[in-house]
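# Geometric and topological summary
Read off the chains here:
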Amino acid sequence: MHLLRTVLLVGLVFVLALFAAPGHAEDTKVDLELVLAVDVSLSMDSYEQTMQLQGYVDAFQDEEILRAIERGPRKRIAVIFVEWGGAEFQNIKVPWTLIEGAESARLFAEALGRRRLTALPLTSISTALLYSSNLFDGNGFESERRVIDISGDGPNNQGLIVTEARDAVVERGITINGLPVMLRVGQAPGFFDLKDLDVYYEDCVIGGPGAFIVPVHDEKNFANAIRRKLIREISGAPARLFRAQAAWRAPPRIDCKIGEKLWNQWLGYQD
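## Some points on the pattern of salt bridges
Applying the stated criterion across every chain yields a total of 10 salt bridges. A salt bridge links Asp137 to Arg172, with the shortest nitrogen-to-oxygen separation between them at 2.7 Å. Pair noted here: Asp137 is in the loop between helix H5 (125-134) and strand E5 (141-142) and Arg172 is in the loop between helix H6 (162-171) and strand E7 (175-180), with a separation of 35 residues, a long-range link. Here Asp137 falls in the partly exposed class, since its relative accessible area comes to 45%. On the basis of relative accessible area, Arg172 is assigned to the partly exposed category, the value being 30%.

This is the structure:
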């Protein structure tokens, strides 16, 4: 009898331990998971980089952006800031951060403001997209909306063809928005200038439910473009509310391999 009681007691303790044992923490639910993927290739000079960075620093302290976050069902978003250049150059400058009010937004802005300017060779939009898409995996957050917000001042010239990367990312249910920077087209060095960079971004880079671009044509409008883009992303509707997009896509109005061709011409290669 004593042995039976001991076995039952041990069994009861084991069962209680199972119920008491902590499970895996659930992901924090947010209204938006946002990757800010910022071009810091050599074509982005220090002046453009400074304006771009300051635009983001100011944006996350902007009252209208804070109100947009507060209007969401969960009143919070998750953001990560990534810099990219060529196929081998991607850096996380500010890791995933929960923004749920003015104080957390201020701390994120301060973290952005502390980073040093970077200059990375080449331009691989495709690798930046694939790299950014993997940042959602195991990030500790959960949302109906996952967005990659990619900026750049030139076309893809290294890595996978950009449309192949775009399609792979969109297939995962991730939306890609764009901020084509078109400030110094035609100025030196200008090897990879693209007059229709906005068309290139629309037809070759962005994709997914509600995808859009906000071009930057005027340096005085840089900060405002960033602010407007972020407000639109934060306030966007969940992907399930968009109609299913047709598999067929209209033919691009521009050569989506133009960056690779310009690169080969600069190197002296023939197509």
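## Some points on the packing of H5 against H6
The geometry of a pair of packed helices is captured by two quantities: the angle between their axes and the separation between those axes. Here H5 crosses H6 at 15 degrees, and the two axes come no closer than 8 Å. Classified by the angle their axes make, H5 and H6 are roughly parallel. Taken as a pair, H5 and H6 cross one another with a handedness that is left-handed. Of the residues in H6, those in contact with Ile125, Ser126, Leu129, Leu130 and Ser133 of H5 are Val162, Ala165, Arg166, Ala168 and Val169. Looking at the contact of H5 with H6 residue by residue, the class counts come to seven nonpolar, two polar and one charged.

## Focus on the sheet that holds strand E6 (residues 146-152)
Strand order in this open sheet of five strands is E4-E3-E2-E6-E7, and the pairing throughout is mixed. Only two strands of the sheet have a single neighbouring strand rather than two, namely strand E4 (90-99) and E7. With strand direction ignored, the average angle separating the axes of adjacent strands in the sheet is 15 degrees. Relative to E6, strand E2 (residues 33-39) runs parallel, the two sharing five bridges. Counted as the bridge partner of Val35 is Ile148 from E6.

Conventions used here
Residues numbered from 1 in each chain as written. Predicted model: local features only at pLDDT ≥ 70, side-chain atom pairs only at ≥ 80, totals over all residues. Heavy atoms only, no water. Salt bridge = Lys/Arg side-chain N within 4 Å of Asp/Glu carboxyl O. Helix = DSSP H or I, 4+ residues; strand = E, 2+ residues; numbered from the N terminus. Buried < 20%, exposed > 50% of the residue type's maximum accessible area, 1.4 Å probe, protein only. Axes fitted to C-alpha atoms, helices over the stretch in contact; angles between N-to-C directions. Parallel < 35°, antiparallel > 145°, perpendicular 65-115°, else oblique. Left-handed = near helix turned anticlockwise from the far one by under 90°. Contact = heavy atoms within 4.5 Å. Nonpolar A, V, L, I, M, F, W, Y, C, P; charged D, E, K, R; others polar. Pairing = 2+ DSSP bridges.

Worth remembering: the numbers are spatial, not functional.
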